[in-house]
Protein chains: 2
Amino acid sequence: MFYVIGLGLSDEKDITVKGLEAVKGSERVYLESYTSILMVEKEKLEAFYERPVITATREMVELEADDILKDADKVDISFLVVGDPLGATTHSDLLLRAQSRNIPTSIIHNASILTALGSTGLQMYSFGQTLSLPFYTETWRPDSWYPRLEENLRLGVHTLVLLDIKVREQSEENMARGRLIYEPPRFMNPAQAFNQMLLTESIRHPAPKPQPQFQSQSQKTSSDSEEEGEGEEKDPYPSLMSPSQTLAISLSRVGTSSQRLISGTLSELAALDEEEFGGPLHSVVIVGKRLHPLELEYAGKFAIGGENGDWWRVGKEVYGVERETFY
Amino acid sequence: MFYVIGLGLSDEKDITVKGLEAVKGSERVYLESYTSILMVEKEKLEAFYERPVITATREMVELEADDILKDADKVDISFLVVGDPLGATTHSDLLLRAQSRNIPTSIIHNASILTALGSTGLQMYSFGQTLSLPFYTETWRPDSWYPRLEENLRLGVHTLVLLDIKVREQSEENMARGRLIYEPPRFMNPAQAFNQMLLTESIRHPAPKPQPQFQSQSQKTSSDSEEEGEGEEKDPYPSLMSPSQTLAISLSRVGTSSQRLISGTLSELAALDEEEFGGPLHSVVIVGKRLHPLELEYAGKFAIGGENGDWWRVGKEVYGVERETFY
């Protein structure tokens, strides 16, 4: 049997009882190491599993998949994935290959950021498409995520943005010289993510001469663009994101004991020191206009500036959500 | 500590090692019983946990929350939820209440249908808003889910539809007479779900025989409306869903050993006997137009009619996805 087993979000004890049994009965145990990381060292996993763990790099999974699958029709092989095995990044490729070799497969699910983001208090139902934000460089700022974010914002739904990680990357020089020397792993910080997003926003929607007007959910795009900017040139695609009037939440180390959430406006969040968020892994949420009072209240517990933070002002004035007393 | 612990999707062994430790150390253990069900009896859980388990009904959670939280500042209390504790239905209400009582809380995440639907082979990134489909009656056919489905279809993203369950419901007669007699639990079957969805579709977009009275500038001929699903510009509100040209997938008992997925057109799926899908729990996915060849291939493994099924024809002709050879 070829087991693909989710490890959950935090440490060695987030594996399920069923998953642990499969690992302990496996002849070989691989740990997928390039789409996410666990908060514990491999050695700790090995001690807990009482099994050696083979690190599976991207190259190994893509080029030596048949080695990983070897003998899985006769003995049990476990392939471990942080989070859910089919969550953010699917390993359906490996599963399809196994099935084409008539190898029986079994998927043991676990928590992933996609469900754990419920910790923000935002309703899962109110999320739209999930995005991935890559690291920008001086010359390469891929913004294919932007139209999808706009689609979500236009509908008023929330957006989960997964932040890039770089594991086992080579520098250009080392790559050119064929040296297998890898850079230390890098994990995008929420401050960097918000600044990248605001950079792309400012390129896509350069500040107009008149004061930019932010759209509220109750106004339809078409009628809105007619109302605003009287006498001015109308922007057929008005900006849906504003540094000071769009709410967002950073999620750091979700599901671990050091989990940290911070909520505020985009500009508040972008201005924080990276240290404020602590270590990886991080992701961020852009809040949609269909914000519910209970969501505002729950996520407001993590607001920059506490009870006097911009979170509440923008929630009321821009999102149109009145605070309610729940208890 | 007040623990809210996800149980995962299938049986007693889907709890995480960390969750199991928390349960075993808890003074009282509650099992939330009204938003989902596990595939095992409560007695089996109790034997595995070596702890009595108190069934928490909706009334108990809503009316006697303080009893559940009692002493959680001094001893450990566990509140068990099928799937992820904050997945499909959040229990943020209970958590907010605990925090307002200065009770420390801890959330132990687990798999939920939201991540496990990766089993379809569809990419999590390509899903839009999640919907809930309630049971229809002769007189009550709530279709507030429909505009959200249309929003997803217009963008071309996939839609997860969670199907209603009725646990501890009273008949109208028993309720009127104040008799606390409950009906057997009911779980919506995918065949029923697809038929309900097609019913609402036919009401919202009746067959185009009569010309709409208040058609805007660009009139359409009735034959034009056959080409639906493409977001035609002529009809201001074209139908985006077609029985024979929209693809869907049913998911039954996802994450369990008896998991069954079936893919096909809406009309193929709606025509299946309920028995084809087996027992609960079920959910369904409506496939969006941004279908990727690898998604088509993976989900096509469960297609009605196999290699000759309508899945492939519609995938090519309507979704515009050419089959590729992967292995």
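Residues numbered from 1 in each chain as written. Chains lettered and ligands numbered in written order. Predicted model: local features only at pLDDT ≥ 70, side-chain atom pairs only at ≥ 80, totals over all residues. Heavy atoms only, no water.

Quick look at the overall build of chain A
Next up, step 1: What chain A contains, in helices and strands, is 13 helices and 12 strands.
Next up, step 2: Among the 327 residues that make up chain A, the fraction classed as buried is 54%.
Next up, step 3: A separation of at least 24 residues holds for 74% of the contacts in chain A among residues at least 6 apart in sequence.
Next up, step 4: Per element, the accessible surface of chain A, about 14,700 Å² overall, is 48% carbon and sulfur. (Helix = DSSP H or I, 4+ residues; strand = E, 2+ residues; numbered from the N terminus. Buried < 20%, exposed > 50% of the residue type's maximum accessible area, 1.4 Å probe, protein only. Contact = heavy atoms within 4.5 Å. Areas by Shrake-Rupley, 256 points an atom, 1.4 Å probe, with all protein chains shown as cover.)

Some details on the domain arrangement of chain A
For an interface, size is often stated in terms of accessible area lost upon the parts coming together.
All names here are of chain A.
Next up, step 1: Assigned domains of chain A: these are domain 1 (2-111) and domain 2 (115-205 + 242-319).
Next up, step 2: Placing the centre of domain 1 and that of domain 2 at their C-alpha centroids yields a distance of 28 Å.
Next up, step 3: In this complex, domain 1 contributes 12 residues to the contact, which on the side of domain 2 involves 14 residues.
Next up, step 4: Between domain 1 and domain 2, roughly 890 Å² of surface is buried when both sides are summed, and carbon and sulfur atoms account for 70% of that area.
Next up, step 5: Counting across the domain 1 and domain 2 interface gives 0 salt bridges.
Next up, step 6: Connecting domain 1 to domain 2 are 0 residue pairs in polar contact (both at pLDDT 80 or more).
Next up, step 7: Residues belonging to the side of domain 1 that touches domain 2 are distributed by class as follows: 6 nonpolar, 5 polar and 1 charged. (Domains from an automatic or database assignment. Buried area = accessible area lost by both parts, 1.4 Å probe. Salt bridge = Lys/Arg side-chain N within 4 Å of Asp/Glu carboxyl O. Polar contact = N/O pair within 3.5 Å; in protein donor to acceptor, adjacent residues only side chain to side chain. Nonpolar A, V, L, I, M, F, W, Y, C, P; charged D, E, K, R; others polar.)

Some points on helix α9 (residues 190-204) of chain A
All names here are of chain A.
Next up, step 1: Between its first and last C-alpha, α9 extends 21 Å over 15 residues, near the 21 Å set by a 1.5 Å rise per residue.
Next up, step 2: Among the residues of α9, P190, A191, A193, F194, Q196, M197, L198, T200 and E201 are the ones counted as buried.
Next up, step 3: Of the surrounding secondary structure, the elements contacted by the buried residues of α9 are β6 (131-133), α7 (145-155), β7 (159-163), β10 (247-252), α11 (266-270) and β12 (282-286).
Next up, step 4: The opening residue of α9 is N189, an N-cap whose side-chain oxygen sits 2.9 Å from the backbone nitrogen of A191. (Expected span 1.5 Å × (residues − 1).)

Remarks on empty space enclosed by the protein
Next up, step 1: Scanning all chains against the criterion turns up 3 cavities of 30 Å³ or more.
Next up, step 2: Of the pockets and cavities examined, the largest cavity occupies roughly 160 Å³.
Next up, step 3: Lining the largest cavity are 14 residues, with L114, M124 and G128 of chain A together with M124 and G128 of chain B sitting closest to its centre.
Next up, step 4: Class assignment for the residues of the lining of the largest cavity results in 10 nonpolar, 4 polar and no charged. (1 Å grid on protein atoms, 1.4 Å probe; cavity = no way out; pocket = protein on both sides within 12 Å on 5 of 7 lines; lining within 4 Å. Points joined across faces, edges and corners; volume = space filled by probe spheres on them.)

Digging into the pattern of salt bridges
Next up, step 1: Summed over the entire model, instances satisfying the criterion amount to 39 salt bridges over all chains.
Next up, step 2: Residues K18 of chain B and D11 of chain A are paired through a salt bridge, measuring 3.2 Å at the closest nitrogen-oxygen approach. Placement of K18 of chain B in helix α1 (residues 17-24) and of D11 of chain A in the loop between β1 (2-6) and α1 (17-24) is noted, with the two residues assigned to different chains.
Next up, step 3: Salt bridges linked by common partners bring K70, D71, D73 and K74 of chain A together as one network.

Quick notes on the relation of the copies chain B and chain A
Next up, step 1: Screw-axis analysis of chain B against chain A gives a translation of 0.0 Å along the axis, an RMSD of 0.1 Å, and a rotation angle of 180°. Classification of the inter-copy transformation places it as that of a two-fold axis.
Next up, step 2: Most of the interface of chain B is mirrored in chain A: 98% of its interface residues are interface residues there too. (Least-squares fit on C-alpha atoms with pLDDT ≥ 70 in both.)

What to know about the UniProt feature "binding site: S-adenosyl-L-methionine" (unreviewed entry) in chain A
All names here are of chain A.
Next up, step 1: Using the residue numbers shown here, the UniProt feature "binding site: S-adenosyl-L-methionine" (unreviewed entry) corresponds to L9, D84, G87, S112, I113 and L163.
Next up, step 2: Topologically, I113 is positioned in helix α6 (residues 113-116).
Next up, step 3: With sequence-adjacent residues up to four places away left out, I113 is seen in contact with L9, L160, L162, L251, V254 and S283.
Next up, step 4: Structurally, the position occupied by L163 is in strand β7. (UniProt positions renumbered as here; feature names shortened; annotations may be inferred.)

Focus: the pairing of strand β2 (residues 28-32) of chain B
All names here are of chain B.
Next up, step 1: The buried fraction of β2 amounts to 5 of the 5 residues, a majority that puts the element mostly inside the structure.
Next up, step 2: The side-chain alternation of β2 yields two buried faces, one formed by R28, Y30 and E32 and the other by V29 and L31.
Next up, step 3: Relative to strand β4 (residues 77-81), β2 runs parallel, the two sharing 4 bridges. What sits directly across from L31, in β4, is L80.
Next up, step 4: Direction of pairing for β2 relative to strand β3 (residues 54-56): parallel, over a ladder of 3 bridges. The residue bridging L31 from the neighbouring strand is T55, located in β3.
Next up, step 5: Crossover β2 to β3 through helix α2 (residues 42-49) is right-handed. (Pairing = 2+ DSSP bridges. Right-handed = clockwise from strand over helix to strand, strands pointing away.)

As for the side chain of E150 of chain B
All names here are of chain B.
Next up, step 1: Structurally, the position occupied by E150 is in helix α7 (residues 145-155).
Next up, step 2: It is R154 that comes nearest to the buried, bridge-free E150 among opposite-charge side chains, at 4.1 Å.
Next up, step 3: A distance of 3.2 Å separates the side chain of E150 from the side chain of H205, its partner in a polar contact.
Next up, step 4: The contact partners of E150, leaving out residues within four places of it in the chain, are H205, P238 and L240. (Lys, Arg positive; Asp, Glu negative; His and termini not counted.)

Description of the packing of aromatic side chains
Next up, step 1: Scanning the entire structure with this criterion turns up 8 aromatic pairs over all chains.
Next up, step 2: Measuring from centroid to centroid gives 6.3 Å for Y298 of chain A and F302 of chain A, while their planes differ by 65°, and the two rings are edge-to-face.
Next up, step 3: Judged by centre distance (6.2 Å) and plane angle (40°), the ring pair of F2 of chain B and F79 of chain B falls under tilted. Placement of the pair is F2 of chain B in strand β1 (residues 2-6) and F79 of chain B in strand β4, with a sequence separation of 77 residues. Taken as a pair, F2 of chain B and F79 of chain B share a single burial class, namely buried.
Next up, step 4: For K289 of chain A, the ring lying beneath its charged end belongs to Y319 of chain A, and the centroid distance is 5.4 Å. (Phe/Tyr/Trp six-rings, centres within 6.5 Å; stacked < 30°, edge-to-face > 60°. Lys NZ or Arg CZ within 6 Å of the ring centre and 35° of its normal.)

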